[in-house]
Amino acid sequence: MKKKKVLIFVPRLLERGGIESHLKELCFQFKGAAYELSILVLDNQSSKETQTCYKAICSNTWFIQANLSILRWLMFFKILPKLWINKFDIFYSNGQGNSILLLNQLFNKKLKWIHHHHTTGDYLDKKAWSNSYFQTLKKCDVLIACTEVSTNSLSGILQREVVHISCFSREIILKNQSHSNSPFRLGYFGRLIKEKGIDLLAQMSTDKDFEDIEFHIWGDGKSYPISYFNSFSNLFYHGSFQGEIELTEVLNYIDALILISTHPEGLPISLLETMGSGKPWIASDIGGIVEISIDSKLNYLLSRDIDYESLKIQVLDFINQVKDRPGLNQNQIQFYKQHYSSSYLNSCWENIFAKI
């Protein structure tokens with residue numbers, strides 16, 4: 001049977017992030033299946049190691065890298081004849097940007113088009129959409145959102161059918177642990193941007209009410225160089241990490257994950273991976289995060305737009321409740337296996353790709 005040719009288009013690929021993690025796992029899951037994958041990145045900001053990983057999975061890889069937008073487009077138009085020659089069957093776009101609609105138009109609408117939207121999809125999120133991206137959401141053949149909340153919001157705004165399929169994440173298996181007498185460790189891992197509450201974590205680390213709590217951070221971002229963290233004695237920056245082995249070590253090390261976010265989150269991969277490991281977490285009630293809160297004490301939802309003193313009270317309340325219930329939450333682990341495991345999501349994505 002002839003394999004369907006799929007072109008995966010990414011407007012911008014960073015080294016780390018939710019989209020990046022999902023894409024890598026999606027390609028890995030479909031390797032050797034009934035599809036021949038190719039990937040095109042218009043603005044590549046990933047490492048050579050990441051590119052090598054995709055080259056091992058995909059039949060074709062095109063990573064365009066240049067500082068100026070005009071140079072990236074010149075390089076793209078040199079590649080365009082190769083894209084036409086390949087005669088792809090499916091166009092899968094991911095992320096946001098004006099380039100998605102333009103690229104699809106260059107194929108003269110001959111491809112079946114699947115677009116995957118990752119953020120909240122509500123009216124606040126809509127304010128950041130350009131007209132071109134709005135048309136992408138309206139015109140694609142299949143529009144997929146990563147949570148039920150986003151699915152319902154997008155469907156209402158766009159007045160069209162939206163399919164709910166979650167992003168891929170890594171299933172992390174930990175040894176069952178009880179809390180030791182050492183300081184309670186609150187951890188964050190992900191992109192280091194202001195919208196992820198990094199400044200608030202730093203502020204809490206200096207608060208006398210948190211003197212028995214350690215704050216640990218993994219990730220990278222230009223806004224937060226190593227020198228930033230040197231000013232806080234109770235805030236420990238560990239740099240970035242790669243792969244499941246190091247992620248397992250991180251989750252083994254911390255007692256709980258914290259995510260104080262103002263970003264229009266769909267469903268953060270870091271929360272999914274923490275959820276699947278059985279470790280507790282506390283996070284802002286944004287987007288679809290509520291969908292994985294199956295225990296209000298161990299999957300604590302922070303009120304949105306709260307002041308620092310209210311935030312502090314909620315975080316301390318969470319820590320006290322977690323200390324009273326040591327060990328891994330097996331209900332979390334089972335919930336993850338049923339709704340977010342690779343085997344379950346693989347069948348969901350396979351169904352979409354097969355039908356289109």
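Our subject is the structure listed above.
Just so it is clear, the model here is predicted, and its values are computed rather than measured. (Residues numbered from 1 in each chain as written. Predicted model: local features only at pLDDT ≥ 70, side-chain atom pairs only at ≥ 80, totals over all residues. Heavy atoms only, no water.)

## Notes on the overall build of the chain
Counting secondary structure elements, the chain contains 14 helices and 13 strands. The C-alpha atoms of the chain give 21 Å as radius of gyration, which agrees with the globular expectation for 356 residues (21 Å, within 12%). Its C-alpha atoms give the chain principal-axis dimensions of about 65 × 40 × 40 Å. Taking all 356 residues of the chain together, 52% fall into the buried category. Partitioning the intrachain contacts of the chain with sequence separation of at least 6 by distance along the chain shows that 66% fall at a separation of at least 24. Surface accessibility of the chain: about 16600 Å² in total, with carbon and sulfur atoms responsible for 51%. (Helix = DSSP H or I, 4+ residues; strand = E, 2+ residues; numbered from the N terminus. Rg over C-alpha atoms; globule rule 2.2 N^0.38 Å. Buried < 20%, exposed > 50% of the residue type's maximum accessible area, 1.4 Å probe, protein only. Contact = heavy atoms within 4.5 Å. Areas by Shrake-Rupley, 256 points an atom, 1.4 Å probe, with all protein chains shown as cover.)

## Details of the side chain of Asn94
Mapped onto the fold, Asn94 is located in strand S4 (residues 90-94). There is a polar contact of 2.8 Å between the side chain of Asn94 and the side chain of Tyr92. Contacts of Asn94, omitting those with residues within four sequence positions, involve Phe9, Val10, Pro11, Ile19, His22, Leu23, Ile100, His115, His116 and His118. (Polar contact = N/O pair within 3.5 Å; in protein donor to acceptor, adjacent residues only side chain to side chain.)

## Some details on the sheet that holds strand S1 (residues 4-13)
With respect to topology, seven strands assemble into an open sheet ordered S3-S2-S1-S4-S5-S6-S7, the strand pairing being parallel. The outermost strands of the open sheet, each flanked by one partner alone, are strand S3 (60-63) and strand S7 (163-164). Sitting on the sheet, helix H6 (residues 131-139) touches strand S5 (112-117) and strand S6 (142-145), and the angle it makes with S5 is about 120°. (Pairing = 2+ DSSP bridges. Axes fitted to C-alpha atoms, helices over the stretch in contact; angles between N-to-C directions.)

## With respect to the sheet that holds strand S12 (residues 281-284)
Here we have six strands laid out as an open sheet, ordered S10-S9-S8-S11-S12-S13, and parallel in their pairing. Of all strands in the sheet, those with a lone pairing partner are strand S10 (235-237) and strand S13 (299-302), marking the two edges. Here the average twist between neighbouring strands, direction ignored, is 25°. Where strand S8 (residues 184-189) and strand S9 (residues 213-218) come together, six bridges link them in parallel fashion. Bridge pairing in S9 links Leu186 to Phe215. Packing against the sheet, helix H12 (residues 308-323) makes contact with S8, S9, strand S11 (256-259), S12 and S13, and its axis sits at approximately 175° to S13.

## Notes on H12
Across its 16 residues, H12 extends 23 Å between first and last C-alpha, which sits within 8% of the 22 Å expected from 1.5 Å per residue. Every buried residue of H12 is listed here: Tyr308, Leu311, Lys312, Gln314, Val315, Phe318, Ile319, Gln321 and Val322. At its buried positions, H12 is contacted by S8, helix H8 (198-205), S9, S11, S12 and S13. Two or three places before Glu309, at the opening of H12, Asp307 has a side-chain oxygen 3.2 Å from that residue's backbone nitrogen. (Expected span 1.5 Å × (residues − 1).)

## Observations regarding the pattern of salt bridges
Following the criterion strictly, the structure yields 13 salt bridges and no others. Measuring nitrogen to oxygen at the nearest pair gives 2.7 Å for the salt bridge that ties Asp220 to Arg16. Here Asp220, found in the loop between S9 and helix H9 (226-229), pairs with Arg16, found in the loop between S1 and helix H1 (18-30); they are 204 residues apart in sequence, far enough to count as distant. A relative accessible area of 34% means that Asp220 is categorised as partly exposed. The partner of Lys337 in a salt bridge is Glu171, and the shortest N-O contact between them spans 2.6 Å. Remark: Glu171 occurs in the loop between S7 and S8 and Lys337 occurs in helix H13 (residues 330-339); sequence separation between them is 166 residues. Judged by relative accessible area, which is 35%, Lys337 ranks as partly exposed. Accessibility expressed as a relative area gives 30% for Glu171, which makes it partly exposed. A single salt-bridge network, built from bridges that share partners, covers Asp207, Lys208, Asp209, Glu309 and Lys312. (Salt bridge = Lys/Arg side-chain N within 4 Å of Asp/Glu carboxyl O.)

## Considerations on the pairing of S5
Burial within S5 is extensive, with five of its six residues counted as buried. Two strands pair when backbone bridges link them, and S4 and S5 are joined in this way by five bridges, in the parallel orientation. Bridged to Ile90 within S5 is Lys112. Here S5 pairs with S6 via four bridges, running parallel. Its bridge partner lying in S6, His117 is registered against Ala145.

## Looking at the packing of aromatic side chains
Applying the stated rule across the entire model yields 26 aromatic pairs. Judged by centre distance (6.0 Å) and plane angle (75°), the ring pair of Tyr300 and Phe318 falls under edge-to-face. Residue Tyr300 is found in strand S13, and its partner Phe318 is found in helix H12; the two are separated by 18 residues along the sequence. Taking relative accessible area as the criterion, Tyr300 reaches 12% and is therefore assigned buried. For Phe318, a relative accessible area of 0% corresponds to the buried category. Among the aromatic side chains, those forming a connected cluster through ring pairs are Phe30, Tyr35, Tyr92, Trp349 and Phe353. Just above the ring of Tyr253 sits the side chain of Arg185; from NZ or CZ to the centre is 3.8 Å. (Phe/Tyr/Trp six-rings, centres within 6.5 Å; stacked < 30°, edge-to-face > 60°. Lys NZ or Arg CZ within 6 Å of the ring centre and 35° of its normal.)

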